[in-house]
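# Observations on the model geometry
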Amino acid sequence: MSEKLKVGILGGTGMVGQRFIALLENHPWFEVTTIAASPRSAGKTYAECVEGRWKMDTPMPEAVKNIVVKNVNEVEAVASEVDFVFSAVDMTKDEIKAIEEAYAKTETPVVSNNSAHRWTPDVPMVVPEINAEHMKVIEFQKKRLGTTRGFVAVKPNCSIQSYAPVLTAWRKFEPTEVVVTTYQAISGAGKTFKDWPEMEGNIIPYIGGEEEKSEKEPLRIWGEIKDGVIEPTTWPLITSQCIRVPVLNGHTAAVFVKFKQKPSKEELIKAMVEFKGAPQELDLPSAPKQFIQYLEEDNRPQVQLDVNYENGMGISVGRLREDTIYDYKFVGLSHNTVRGAAGGAVLCAELLKAQGYITKK
Ligand SMILES: NC(=O)c1ccc[n+]([C@@H]2O[C@H](COP(=O)([O-])OP(=O)(O)OC[C@H]3O[C@@H](n4cnc5c(N)ncnc54)[C@H](OP(=O)(O)O)[C@@H]3O)[C@@H](O)[C@H]2O)c1
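Residues numbered from 1 in each chain as written. Predicted model: local features only at pLDDT ≥ 70, side-chain atom pairs only at ≥ 80, totals over all residues. Heavy atoms only, no water.

### Regarding the site of the ligand
What counts, and what does not: Being near a molecule or strand, for a residue, comes down to having at least one heavy atom within 4 Å of it. Polar contact is defined as a pair of N or O atoms within 3.5 Å, subject to the rule that within protein one atom must be able to donate a hydrogen and the other to accept it, and that residues adjacent in sequence are counted only when both atoms are side-chain atoms. Only the protein chains shown count as cover for residues, and the accessible areas themselves come from Shrake-Rupley with a 1.4 Å probe. Nonpolar residues are Ala, Val, Leu, Ile, Met, Phe, Trp, Tyr, Cys and Pro. Charged residues are Asp, Glu, Lys and Arg, and all others, Gly as well, are polar.
Looking at the ligand, there are 23 residues lining it, with Thr13, Val16, Ser38, Ser41 and Asn114 nearest. Between the ligand and Gly11, the relevant distance is 3.2 Å, taken from an oxygen atom to a main-chain nitrogen or oxygen of the residue. Within the contact set of the ligand, an oxygen atom lies 2.8 Å away from a backbone nitrogen or oxygen of Val16. Burial of the ligand by the surrounding chains reaches 81%, relative to a free accessible area of 900 Å². Its residues assigned to classes, the shell around the ligand shows seven nonpolar, 13 polar and three charged.

What follows is the structure, given as C-alpha cells:
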C-alpha cells in the first residue's frame with residue numbers, strides 16, 4: 001500500500017483544480033485518489049469531464065484519467081476515501097463556508113483556495129514563508145468545530161502574492177504607506193483566451209472584490225494570534241487598483257512605498273533576496289530555493305520570461321528605484337495559478353504535514 005497521503009480535489013475539473021492535478025503528479029507525499037465537482041460532472045470519468053477544457057500546458061496525468069468524479073455535496077462519500085482535501089469550487093460564499101466546515105467535521109482537513117473562510121477568525125490564512133506560525137490557531141478552531149483532526153486552512157488571494165512577500169521582507173524598515181496597482185491575468189478568472197476572446201487586446205478596469213482583498217488580506221497575514229483568533233495588524237496603509245489585462249498567466253504589481261525610516265536601495269535588495277521562511281528551513285518539496293529574486297535589467301520582470309521562476313513558486317522583482325513623492329517604487333510578478341492558487345495551497349499542505357496537522361487517517 002502506498003505510504004502517500006490520499007488527497008481529494010474539490011472542484012478538480014476547474015482551472016485551479018486542474019492546476020492541483022498537474023502539480024500533484026509524482027508528488028513525493030500526496031497522491032490524488034478522489035476528484036469531486038458539480039453534480040453535472042458526477043458519475044463521469046475525469047477524462048470525460050474535462051474533454052475539450054483541459055487548460056494546462058502539460059498533458060493530463062494518466063493516473064487521474066479514469067477516476068470517476070464524485071459530487072462535492074456528497075461529503076461522507078468523498079471524505080471516506082481521503083486523508084485530506086484541497087478545495088477550489090465555484091459556489092456561493094455561504095455554500096463554500098458550509099461545505100468546507102462539513103468536510104472538516106468528518107475529520108478531513110481542508111486546504112482551501114477559496115475566499116469564503118479567509119476572515120473566519122480562527123481559520124489560518126497562510127503564505128508559508130510569511131506566517132507559518134498562524135497554523136497554531138487550528139487548535140482553537142478544532143475546539144469550536146468539535147473535531148480532533150478536521151479543520152480548514154486557507155491561502156490568501158492571488159493578487160497579493162506579487163508584493164506582500166516583498167513588503168514582509170521590508171517590515172523591519174516599517175513601511176507606512178503602500179500604493180499598488182495590479183495587472184492581473186485572465187486565468188485568475190478561470191479563463192483562457194478561447195473562453196474569453198473579448199480580452200484579446202483589451203483591458204478591463206474592474207475585478208469584483210479584488211481591491212478590498214488586495215488592501216486587507218496582507219494585514220491579516222502580518223497579524224498575531226490573540227485569545228484564539230488571528231488579530232490583523234493595522235500597518236502599513238494599503239490602497240490598490242486591480243486591472244484585468246490580456247495575459248494568460250502571471251499577475252504583475254506596480255508598487256509605491258513610504259517608510260518610517262527610509263532604507264538604502266542596497267538594504268532593500270539585500271533584505272528581499274535573503275528573505276526565507278519555514279518552507280526553506282524545512283526543505284518542503286514545493287518550496288522555492290530562493291523565494292524572491294531581484295532582476296537588475298530595466299525591462300524585467302516580464303511575464304513571458306519570469307512567470308515560471310522557481311517552477312512558478314518564486315516572486316520576481318525589478319525596477320526598484322527612488323520616487324519623488326513616495327520613498328521607493330518597484331514592480332513585482334508572481335504566477336497566479338501556481339504560487340497564487342494551487343501551488344500556494346500545496347505548499348500550505350506540505351507545511352501542515354511537516355507540523356503534524358495532516359496525517360494518515
Ligand atoms: N483561477 C485562479 O487563479 C484563482 C485564484 C485564487 C482563487 N480562486 C478561486 O478558486 C475557486 C475555483 O476557481 P476556478 O478558477 O478554478 O473556477 P472554475 O474553473 O470555474 O472551476 C470551478 C469548479 O467548481 C465546480 N463547481 C461549479 N459549480 C458547482 C456547484 N454548484 N457545486 C459543486 N461544484 C461546483 C466546477 O465543477 P464542474 O466542472 O462540474 O462545473 C469546477 O470543478 C473560485 O472560488 C475562485 O474564486 C481562483
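### Some details on the domain arrangement of the protein chain
Short version of the rule: For every domain, the bounds stem from an assignment made automatically or drawn from a database. By definition, residues are in contact when any of their heavy atoms lie within 4.5 Å. Buried area is calculated as the accessible area (1.4 Å probe) missing from two parts once they are joined, with the contributions of both summed. Just to be clear on terms, a salt bridge is a Lys or Arg side-chain nitrogen sitting within 4 Å of an Asp or Glu carboxyl oxygen.
Parsing the protein chain into structural domains produces domain 1 (5–157 + 342–354) and domain 2 (158–335). Computed over C-alpha atoms only, the centres of domain 1 and domain 2 are separated by 24 Å. Across the boundary between the two partners, domain 1 contributes 37 residues, which contact 43 residues of domain 2. In total, domain 1 and domain 2 occlude about 3000 Å² of area from one another, counting both sides; carbon and sulfur atoms represent 66% of this. One can count two salt bridges joining domain 1 with domain 2. Between Asp195 and Lys55 there is a salt bridge, and its shortest N-O distance comes to 3.5 Å.

### Considering the packing of helix H1 (residues 15–24) against helix H13 (residues 338–354)
For the record, the criterion: Convention adopted: a line fitted to C-alpha atoms gives each axis, helices being fitted over their contacting stretch, and angles between N-to-C directions are expressed from 0 to 180 degrees. Helix numbering and strand numbering both begin at the N terminus, where a helix is a DSSP run of H or I of at least 4 residues and a strand a DSSP run of E of at least 2. For this classification, under 35 degrees means roughly parallel, over 145 means roughly antiparallel, 65 to 115 means roughly perpendicular, and everything else is oblique. Should the near helix be turned anticlockwise from the far one by less than a right angle, the crossing is left-handed, and should it be turned clockwise, the crossing is right-handed.
Remark: H1 packs on H13, axes separated minimally by 9 Å, with the N-to-C direction vectors making an angle of 55°. One element, H1, and the other, H13, form an angle in the oblique class. Where H1 crosses over H13, the two elements pack in a sense that is right-handed. Contact with H1, carried on its side by Val16, Arg19, Phe20, Leu23 and Leu24, involves Val338, Ala341, Ala342, Gly343, Ala345 and Val346 of H13 and no other residues of that element. Of the residues contributing to the contact of H1 with H13, the split by class is nine nonpolar, one polar and one charged.

### Quick look at the nonpolar core
Heads up, the condition is: To qualify as a nonpolar core, a set must consist of buried Ala, Val, Leu, Ile, Met, Phe, Trp, Tyr and Cys residues joined through side-chain atoms within 4.5 Å. Relative accessibility under 20% of the residue-type maximum defines a buried residue, over 50% an exposed one, and the middle range a partly exposed one, all with a 1.4 Å probe and only protein chains included.
The biggest cluster of nonpolar side chains holds 53 residues, and the ones touching the most others in it are Tyr103, Trp170, Met272, Leu320 and Phe330. Structurally, this core is a two-domain feature, drawing no fewer than three residues from each of domain 1 (5–157 + 342–354) and domain 2 (158–335). What Phe330 contacts, discounting residues up to four positions off in sequence, is Ser162, Tyr163, Val166, Trp170, Ala253, Ala254, Val255, Val257, Val317, Gly318, Arg319 and Leu320. Within the second largest apolar cluster, 44 residues are counted, among which are Val16, Phe20, Ala287 and Val346.

### Regarding the sheet that holds strand E10 (residues 237–244)
Worth spelling out the cut-off: When DSSP finds at least two bridges between two strands, those strands are taken to pair.
A sheet is described by the order of its strands in space; here six strands give the open sequence E10-E7-E11-E14-E13-E12, paired in mixed fashion. Each edge of the open sheet is held by one strand with a lone partner, namely E10 and strand E12 (292–295). When the angles between neighbouring strand axes are averaged without regard to direction, this sheet yields 20°. Where strand E11 (residues 251–259) meets strand E14 (residues 328–334), seven bridges bridge the pair, whose relative direction is antiparallel. Paired with Val257 across the bridge in E14 is Tyr328. Where helix H10 (residues 265–274) meets the sheet, its contacts fall on E11, E12, strand E13 (315–322) and E14, and the angle it forms with E12 comes to roughly 140°.

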